[in-house]
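The lines below spell out each chain.
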Amino acid sequence: LPHFPLPLSFPRRLHLTAPQKKPKLSAANPAPTTAPFAPIPHPVLLAGTLSLPSSAADCRNHCLSLSDPSSAASVCCYLLDFDPAAIGREILVLAWNYLPSVRQHEAAVLEAVRWRLAEAPGPVHAPGFLAAIPLNSVDAEPALPTRGRVFGMVRSVSVVFSVPHATQKSDLVGFIAEMMCCGCRQCKLSQPESDRGHKFEMEKFVYFVDLASRWRPVLARLIGRPVSVTGLKKKMVSVGKKGSYTMLVSSTATMVSWCPSYVGVPPLDELPGKCSGVYTGVVSGIHMQGMLVELDETVWLLIDDNRLVPSHSLRVGAVISVKKFRVVRLNFAWTTVVLLETCSKTSITINAFSVVDSKCHTRSENNGLLCKSVNFLELPGKFWMLLLTSCFRQKFKLDSKKEIWGSKNVPTEARIGSHLCC
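Criteria and cut-off values
Residues numbered from 1 in each chain as written. Predicted model: local features only at pLDDT ≥ 70, side-chain atom pairs only at ≥ 80, totals over all residues. Heavy atoms only, no water. UniProt positions renumbered as here; feature names shortened; annotations may be inferred. Helix = DSSP H or I, 4+ residues; strand = E, 2+ residues; numbered from the N terminus. Buried < 20%, exposed > 50% of the residue type's maximum accessible area, 1.4 Å probe, protein only. Contact = heavy atoms within 4.5 Å. Areas by Shrake-Rupley, 256 points an atom, 1.4 Å probe, with all protein chains shown as cover. Salt bridge = Lys/Arg side-chain N within 4 Å of Asp/Glu carboxyl O. Pairing = 2+ DSSP bridges. Axes fitted to C-alpha atoms, helices over the stretch in contact; angles between N-to-C directions. Patch = residues over 30% accessible without salt bridge, like charges linked within 9 Å, V, L, I, M, F, W, Y side chains within 5 Å. Core = buried A, V, L, I, M, F, W, Y, C linked by side-chain atoms within 4.5 Å. Domains from an automatic or database assignment. Phe/Tyr/Trp six-rings, centres within 6.5 Å; stacked < 30°, edge-to-face > 60°.

Under an unreviewed UniProt entry, the chain has the name CST complex subunit CTC1 and belongs to Aegilops tauschii subsp. strangulata. Check the Sequence similarities (unreviewed entry) section of the UniProt entry for the chain; it says "Belongs to the CTC1 family."

A count of helical and extended segments in the chain gives 4 helices and 18 strands. In the chain, which comprises 422 residues, the share counted as buried stands at 47%. Within the chain, residue pairs in contact and separated by at least 24 positions form 72% of the contacts whose partners lie at least 6 positions apart. For the chain, the exposed surface amounts to about 22100 Å²; the carbon and sulfur share of it is 56%.

Our next topic: the pattern of salt bridges. Side chains carrying opposite charge are able to pair once their charged atoms draw close together. If you walk through the whole model with that rule in mind, you get 7 salt bridges. When the shortest N-O distance is used, the salt bridge between K345 and E178 registers 3.3 Å. In this pair, K345 sits in strand β18 (residues 336-352) while E178 sits in strand β9 (residues 172-182), placing the two residues 167 residues apart along the sequence. One salt bridge in this structure joins K382 and D304, with 2.7 Å as the shortest N-O distance. Taken together, the residues span a long stretch of sequence, with K382 in helix α4 (residues 379-395) and D304 in the loop between β16 (299-302) and β17 (319-331) at a distance of 78 residues. Judged by its relative accessible area of 11%, K382 falls in the buried class. The class of D304 is buried, set by a relative accessible area of 16%. A cluster of three or more residues bridged by salt bridges with shared partners is formed by R155, E178, E203 and K345.

What follows covers the sheet that holds strand β1 (residues 46-51). Adjacent strands of a sheet form backbone hydrogen bonds with each other and so pair up, either parallel or antiparallel. Spatially, the 5 strands close up into a barrel ordered β1-β2-β3-β5-β4, and their pairing is mixed. Direction aside, neighbouring strands of the sheet carry axes that sit 55 degrees apart on average.

Attention now moves to a nonpolar patch on the surface. Together, L388, F392 and F396 make up an exposed nonpolar region whose accessible area comes to about 300 Å². As for its placement among the helices and strands, F396 is situated in the segment after α4. Accessibility expressed as a relative area gives 54% for F396, which makes it exposed.

This next bit is on the pairing of strand β3 (residues 74-79). The side chains of a regular strand alternate between both faces of the sheet. With 5 of 6 residues buried, β3 lies mostly within the body of the structure. Here strand β2 (residues 64-67) pairs with β3 via 4 bridges, running antiparallel. Across the sheet, residue S65 finds its bridge partner in β3, namely C76. Between β2 and β3, which pair antiparallel in sequence order, lie 6 residues. Alignment of β3 against strand β5 (residues 109-117), held across 4 bridges, turns out to be parallel. Bridge assignment links C76 to a residue of β5, and that residue is V109.

We now examine the sheet that holds β17. Ordered by their spatial adjacency, 5 strands build a closed barrel running β14-β15-β16-β18-β17, and the pairing between neighbours is mixed. With strand direction ignored, the average angle separating the axes of adjacent strands in the sheet is 55 degrees. Bridging between strand β15 (residues 292-295) and β16 involves 4 bridges; their strand directions are antiparallel. In the strand pairing of β16, L292 is matched with L302.

Another point: the environment of D195. Take D195: it is sitting in the loop between α1 (185-189) and β10 (200-209). With a relative accessible area of 39%, D195 lands in the partly exposed category. Along the chain, D195 and Y262 lie 67 residues apart, while their C-alpha atoms are 6.6 Å from each other.

The next thing to look at is the nonpolar core. Core analysis: the largest hydrophobic core is formed by 45 residues, its most contacted members being F208, W215 and V218. Residues lining this core come from more than one domain, with at least three contributed by each of domain 1 (46-117) and domain 2 (131-258). Residues V159, I286, I320 and F353 belong to the second largest nonpolar core, which totals 23 residues.

Considering the arrangement of structural elements, one finds V256 in strand β13 (residues 255-258). When the C-alpha positions of V256 and F151 are compared, they lie 9.8 Å apart, and in sequence the two are 105 residues distant. Not counting residues within four places of it along the chain, the set of residues in contact with V256 comprises A131, A132, I133, L135, F208, W215, S228 and V229.

Enumeration according to the criterion identifies 7 aromatic pairs in this entry. On the basis of an interplanar angle of 80 degrees and a centroid distance of 6.1 Å, the ring pair of Y78 and F353 is categorised as edge-to-face. Residue Y78 is found in strand β3, and its partner F353 is found in the loop between β18 and α3 (369-375); the two are separated by 275 residues along the sequence. Owing to a relative accessible area of 10%, Y78 belongs among the buried residues under this scheme. Taken together, the aromatic side chains of F175, F208 and W215 make up a single cluster linked through ring pairs.

In structure tokens:
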């Protein structure tokens, strides 16, 4: 197999047109580039096993991993036309982009434009209603406490977070999948066998914890699709002063299946002002390590949650879809800004890779002075703080080790230290 650290790429038949609408507000992008990927004169076929990251510490972006079975080499990988059946299997990457890491100790990424399973196609069989996703080893017969099951549509997937455990010294790490489930008798007792008679009307939350927290990149790609989750157990979860609630929690026996052919899931009505909606657009600018993203030169996406780390492939020129956000219009005397504010349910997927040879933006884990000061500001203040800091850095050619100082009359805690968060 070819070694992965090769700055090679394939050209793609993808053409993006610039938005016709003039931008109302803009900020200079640091070191902008519009050069396309350089093609190579001969085909290069990559082969590797697609798997989940071994732990969340491997990649803060919660990427899938493509590894060479004959060595320990692996690379973060993002697939277009994602199929859960590829998890744990060898795939052939036919067309791809490789983005080397910009800084030391940062992950590189392989963008798989076209790919297929390595196995030779066998005889065609009629597909079943449910297809199991090999996310974990499953016991042949789960114990009674883990016989809980749900069948429903994935509405949202939270960020990966940690909470204290009552009986363990270490915190629990996991994420919550919000599902609208079917409450019919068949779905409560056994796996559904057809798409008839299902009504997704019961809201339930499934807490994927410990090793199952690695499944987030798969569940995030299945938002809007029906899935079946078995091998669940019920636990009491305390939520601050709001009391305790019963929640379905994953176990070592948990298994996830999806419905490749299921159609007819109606869109859900969302309440105004809630975290909802879908926006698809072209990334026209990225600022402050991806905390502020410009879409279609008209809309701004604010990602101020340090736990929500988008894919490495969120680059200028990429087509992305943002699910679950709050729409805010900031009206000023000279312009109106449409701002998409992320929440704990927000997910960002890549629909098409950028044809521009631009770098990926990796969010720093450093909770510096700027990050802390932004958290105490209202939404308009957050937006202007990040935008102005990005403009100052570009205007005065400040690198990551320089500071942007405010007025001398402002306390030290309120000064903006760009080197702490940029």
